[in-house]
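Residue-level structure breakdown
The residues making up each chain are set out below.
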Number of protein chains: 2
Amino acid sequence: MATTRRGGRGRRPGKQDTRGAILASARDVFATHGYDRASVRQIAAAAGVDAALVHHYFGTKERLFQEVLAVPIAPEELLPQVFSGGPDGIPEALVRAFLSVWEHPVTGPAMVGFLRTAASHGSESRLFRDYFAARILRSVGAQLEGQVPADELPFRVSLVASQMIGLALTRYVLKFDGLAPVEPDRIVHALTPTVARYLFGELDETVTDPFTPEDASA
Amino acid sequence: MATTRRGGRGRRPGKQDTRGAILASARDVFATHGYDRASVRQIAAAAGVDAALVHHYFGTKERLFQEVLAVPIAPEELLPQVFSGGPDGIPEALVRAFLSVWEHPVTGPAMVGFLRTAASHGSESRLFRDYFAARILRSVGAQLEGQVPADELPFRVSLVASQMIGLALTRYVLKFDGLAPVEPDRIVHALTPTVARYLFGELDETVTDPFTPEDASA
């Protein structure tokens, strides 16, 4: 309810209030019900405005969700380029696209803030998870259809996410000496085979050490 | 300066005050100077006590550092078992030891708190990084001596950390649907080859896709 006059376009306080109220309601509704079950109608009702006004300010539910999360870049802007080379090109393109966002002088610091928040707050964690599941997982999953069994997709794509998010955390947030100063290309070369194996490779073999095939661990 | 009477052994307020004052000073000194350059003498001076008292309450600088970070388990309790099988056994043993801490009903939730804090606060990030560098990296590095060039160790061990910490974040903090309900053994099988490659494998090859050796991406 507090009037914020800082930032954004449209200096009329009334507009800012409405926009802010919708955002606040959206955050509550998404956090309570999750992305899938939240509706624009519900968010509008919680903000005491008409659903048409929500669409006017934010467009789609997805765009509103992105605004709530303060995601600096939309996956749909990046993913087409990741998929443009066909399945074989996905692993390297995915790592490169990911790094390009984090290395960028504007989106990079914004992503650091986004990840810090997602990691530290319970409700933000749910939003982040939903965001990931609703948008990235489904897009990547659709591209991999027929390549790997559908029931393995969530595990495979989440493993990729674990490596990518872990890299982001150690390189850009925690700034490990062994990672922060390393050239992006070296990161790409190191991570691409990992991502390729998580997406397309054998995951359930009980191989202890791939470098000693003659079962030295027995 | 506020008197905290909650928790811990030793109910005499005076003792708790001294202990708390040392901890607070240690946090400041570690955050400002980093683990390596911080000294017990410095911490004692900042707390207005004798260095002997710091040793009395906390033992070594390392133990004090661990107390500051509220790390639920000391790496030196786990690492010997990780190294007991020789270099070939390290990757799987490392993943299993890591998971055992996070799956444990007491240390697991404590690690979630630790990681949340490390990810969200700048000064905690530095402490976490120092902790990692000072303790885990050096122990693992010492075990791998002669196996891989010494100048590659920080990169290799940090890559392992990126995957392990990323897994912890996505499975235990963000609770991704594709990871949270998965059996620990499947995680071990999925991650062990990754850790093995990061520690001992080729990292700088420009192979786009290891599953199509006939350069399909050209």
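Residues numbered from 1 in each chain as written. Chains lettered and ligands numbered in written order. Predicted model: local features only at pLDDT ≥ 70, side-chain atom pairs only at ≥ 80, totals over all residues. Heavy atoms only, no water.

1. Describing the relation of the copies chain A and chain B
Our working definition: A residue counts toward the fit only if its pLDDT is at least 70 in both copies, and the copies are then superposed by least squares on the C-alpha atoms of those residues. We call two residues in contact when some of their heavy atoms are within 4.5 Å.
Each copy superposes on the other: chain A lies on chain B with an RMSD of 0.1 Å after a rotation of 180° and an axial shift of 0.0 Å. What we have between these two chains is a two-fold relation. For chain A, the smallest separation between a C-alpha atom and the rotation axis is recorded for Gly 166 of chain A, amounting to 1.7 Å. Of the residues that chain A buries at the interface, 100% are likewise interface residues in chain B, meaning the two copies contact each other through the same surface.

2. Brief notes about the packing of helix H10 (residues 184-200) of chain A against helix H9 (residues 153-173) of chain B
As a reminder, the rule being used: Lines fitted to C-alpha atoms define the axes here, with helix axes fitted over just the stretch in contact, and angles between the N-to-C directions of these axes take values from 0 to 180 degrees. Secondary structure elements follow DSSP: runs of H or I no shorter than four residues count as helices, runs of E no shorter than two count as strands, and numbering proceeds from the N terminus. Should an angle fall under 35 degrees it is taken as roughly parallel, and over 145 as roughly antiparallel, whereas 65 to 115 is taken as roughly perpendicular and any remaining angle as oblique. Crossing chirality is assigned from the near helix's rotation relative to the far helix, an anticlockwise turn below a right angle marking it left-handed and a clockwise turn marking it right-handed. Each residue gets one of three labels, nonpolar for Ala, Val, Leu, Ile, Met, Phe, Trp, Tyr, Cys and Pro, charged for Asp, Glu, Lys and Arg, and polar for the others, Gly among them.
The contact between H10 of chain A and H9 of chain B brings their axes to 12 Å, and the two run at 40°. Comparing their axes, H9 of chain B and H10 of chain A come out oblique. For the pair H10 of chain A and H9 of chain B, the crossing hand works out as right-handed. Within the contact between the two elements, H10 of chain A uses Arg 186, Ile 187, Ala 190, Leu 191, Thr 194 and Tyr 198 of chain A and H9 of chain B uses Phe 155, Leu 159 and Gln 163 of chain B. Here the residues of the contact of H10 of chain A with H9 of chain B are counted per class, giving six nonpolar, two polar and one charged.

3. Some points on the packing of aromatic side chains
What counts, and what does not: Note on ring pairs: Phe, Tyr and Trp rings are taken, using the six-membered ring of Trp, and paired if centres are within 6.5 Å. Classes follow the plane angle, with under 30 degrees stacked, over 60 edge-to-face and the rest tilted.
Inspection of every chain in the model, using the stated rule, returns eight aromatic pairs over all chains. Grouped by ring-pair contacts, the aromatic residues Phe 98, Trp 102 and Tyr 172 of chain A constitute a single cluster.

4. Focus on the nonpolar core
Nonpolar side chains in soluble globular proteins generally cluster together in the buried interior. Selection rule: Residues grouped as a nonpolar core are buried Ala, Val, Leu, Ile, Met, Phe, Trp, Tyr and Cys residues, joined through side-chain atoms within 4.5 Å. The classification of residues rests on relative accessible area computed with a 1.4 Å probe and restricted to protein chains. Under 20% of the type maximum is buried, over 50% is exposed, and intermediate values are partly exposed.
Counting 132 residues, the largest nonpolar core has Phe 30, Trp 102 and Leu 169 of chain A together with Phe 30, Trp 102 and Leu 169 of chain B as the members making the most contacts within it. Contacts of Phe 30 of chain A, omitting those with residues within four sequence positions, involve Tyr 35, Ala 38, Ile 43, Lys 61, Leu 64, Phe 65, Val 68 and Leu 127 of chain A.

5. Observations regarding the confidence of the model for chain A
All names here are of chain A. Note the cut-off: Per-residue confidence from the prediction method is given by pLDDT, with values spanning 0 to 100.
Mean pLDDT for chain A: 81, with 82% of residues reaching 70 or above. Within chain A, the element-level pLDDT minimum falls on helix H8 (residues 122-144), averaging 74, and the maximum on H10, averaging 96. Low pLDDT, under 50, characterises residues 1-13; the stretch is placed with nine contacts to residues that sit more than four places away or in other chains. Of the regions scoring below 50 in pLDDT, residues 208-218 engages in 13 contacts with residues more than four places distant in sequence or in other chains. Overall fold confidence for the complex sits at a pTM of 0.74, while the interface term, ipTM, reaches 0.74.

6. Considering helix H2 (residues 40-47) of chain B
Residue and element names in this part refer to chain B. Put simply, the rule is: To obtain the arc, one takes the directions from the helix axis to the C-beta atoms.
Every buried residue of H2 is listed here: Val 40, Ile 43, Ala 44 and Ala 47. When H2 is viewed along its axis, its buried side chains cluster within an angular range of 100° and face the same direction. Across from the buried face of H2, at angles greater than 90 degrees, the exposed residues are Arg 41 and Ala 45.

7. Regarding the interface of chain A and chain B
Counted only if it meets this: Buried area is understood as the total, over both parts, of accessible area removed when two parts are fitted together, assessed with a 1.4 Å probe. Criterion for a salt bridge: a side-chain nitrogen of Lys or Arg within 4 Å of a carboxyl oxygen of Asp or Glu.
Taken together, the contact pairs 55 residues of chain A with 55 residues of chain B. Carbon and sulfur atoms supply 63% of the area that chain A and chain B bury against each other, a total of about 4,800 Å² over both sides. Among the residues of chain A in contact with chain B, Phe 155, Leu 174 and Phe 176 of chain A are the three that bury the most area, contributing 13% of the side total. For the interface between chain A and chain B, the tally reads two salt bridges.

8. A few points about helix H10 (residues 184-200) of chain B
Residue and element names in this part refer to chain B. Quick reminder of the rule: Here a helix's expected span is defined as the number of its residues, less one, multiplied by 1.5 Å. Throughout, bend refers to the angle between the axes fitted to the seven residues that end at a position and the seven residues that start at it.
Helix length check: H10 (17 residues) gives 24 Å between terminal C-alpha atoms against 24 Å at 1.5 Å per residue, within 8%. For H10, the principal kink sits at Leu 191 and spans about 30°; a proline, Pro 193, occurs within the next four residues. With 13 of its 17 residues buried, H10 lies for the most part within the structure.

9. Some points on unusual backbone geometry
Residues and elements named next belong to chain A. Its identity is not glycine, yet Lys 175 carries a phi of approximately 55°, on the positive side. Locating Lys 175 in the fold gives a position in the loop between helix H9 (153-173) and H10. Using a relative accessible area of 45% as the deciding quantity, one classes Lys 175 as partly exposed.

10. What about the pattern of salt bridges?
Enumeration according to the criterion identifies twelve salt bridges over all chains in this entry. Note that Asp 185 of chain A and Arg 96 of chain A form a salt bridge whose closest N and O atoms lie 2.9 Å from each other. Here Arg 96 of chain A lies in helix H6 (residues 90-103) and Asp 185 of chain A lies in helix H10, a separation of 89 residues in the sequence. Exposure remark for Asp 185 of chain A: the relative accessible area of 41% places this residue in the partly exposed category. Salt-bridge contacts for Arg 186 of chain B lead to Asp 204 of chain A; the nearest nitrogen and oxygen are separated by 3.2 Å. Linking Arg 186 of chain B in helix H10 with Asp 204 of chain A in the segment after H10, this pair reaches from one chain into another. Counted as one network, the salt bridges with shared partners bring together Glu 92, Arg 96 and Asp 185 of chain A.

11. Here's the deal with the side chain of Lys 61 of chain B
All names here are of chain B. Note the following rule: Between N or O atoms, a polar contact is any pair within 3.5 Å; within protein, one atom must be a potential hydrogen donor and the other a potential acceptor, and residues adjacent in sequence are included only when both atoms are from side chains.
With respect to the helices and strands, Lys 61 occurs in helix H4 (residues 61-69). Polar side-chain contacts of Lys 61 include one of 2.8 Å to the backbone oxygen of Ala 38. If we ignore the near neighbours within four places in the chain, the residues touching Lys 61 are Phe 30, Tyr 35, Asp 36, Ala 38 and Val 40.

12. What about the side chain of Thr 170 of chain A?
Residue position: Thr 170 of chain A is located in helix H9. A residue is classified by how much of its surface remains accessible, and Thr 170 of chain A, at 0% relative accessible area, is buried. The contact partners of Thr 170 of chain A, leaving out residues within four places of it in the chain, are Lys 175, Phe 176 and Leu 179 of chain A together with Ala 161, Ser 162 and Ile 165 of chain B.

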